[in-house]
Amino acid sequence: MPVITSRLEAVQYDGTNGQHIAEEFLSNTTLGSDDGQLLALVDGTNDPQVHLGWWVIRQAISVGLFQYLGTYNDADYRARYAELP
């Protein structure tokens, strides 16, 4: 029996890509603040905070629209997810 899963995508916050994460990686999210160590996103529901080096996970909800699914530190991300080429 095949194992299937919904497509998830991830990006790691490197202290310089906060605007990209807020405006391009996630849909319906705006940049609250970004000091290079902590990224605060505003989505009206979760308003996630992403620490330097943490991963942001998104899930497609329709063509071209993505929602925030979670943030994980590097160890938790690697323990929880397998990256596909």
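Preceding this paragraph is the structure being described.
Quick caveat: nothing in here was measured; it's all calculated off a predicted structure.

A short note on the sheet that holds strand S6 (residues 65-72)
Stage number 1. Across the sheet, three strands lie side by side as S1-S5-S6; this open sheet has antiparallel pairing. Every interior strand has two partners, whereas the edge strands, strand S1 (8-12) and S6, have only one. Within the sheet, the average angular offset between the axes of one strand and its neighbour, ignoring direction, is 30°.
Stage number 2. Here seven bridges tie strand S5 (residues 55-62) to S6, and the two strands are oriented antiparallel to one another. Counted as the bridge partner of Ile57 is Gly70 from S6.

With respect to the sheet that holds strand S4 (residues 49-51)
Stage number 1. The sheet built from three strands is open, its strands ordered S2-S3-S4 with antiparallel pairing. Every other strand in the sheet has two partners, leaving strand S2 (30-34) and S4 as the edge strands with one partner each. Across this sheet, the average inter-strand angle for adjacent strands is 25°, counted without regard to direction.
Stage number 2. Bridge count for S2 against strand S3 (residues 38-42) is four bridges, and the pairing is antiparallel.

Basis of the calculations
Residues numbered from 1 in each chain as written. Predicted model: local features only at pLDDT ≥ 70, side-chain atom pairs only at ≥ 80, totals over all residues. Heavy atoms only, no water. Pairing = 2+ DSSP bridges. Helix = DSSP H or I, 4+ residues; strand = E, 2+ residues; numbered from the N terminus. Axes fitted to C-alpha atoms, helices over the stretch in contact; angles between N-to-C directions.

The quantities given are spatial measurements derived from coordinates; they are silent on function.
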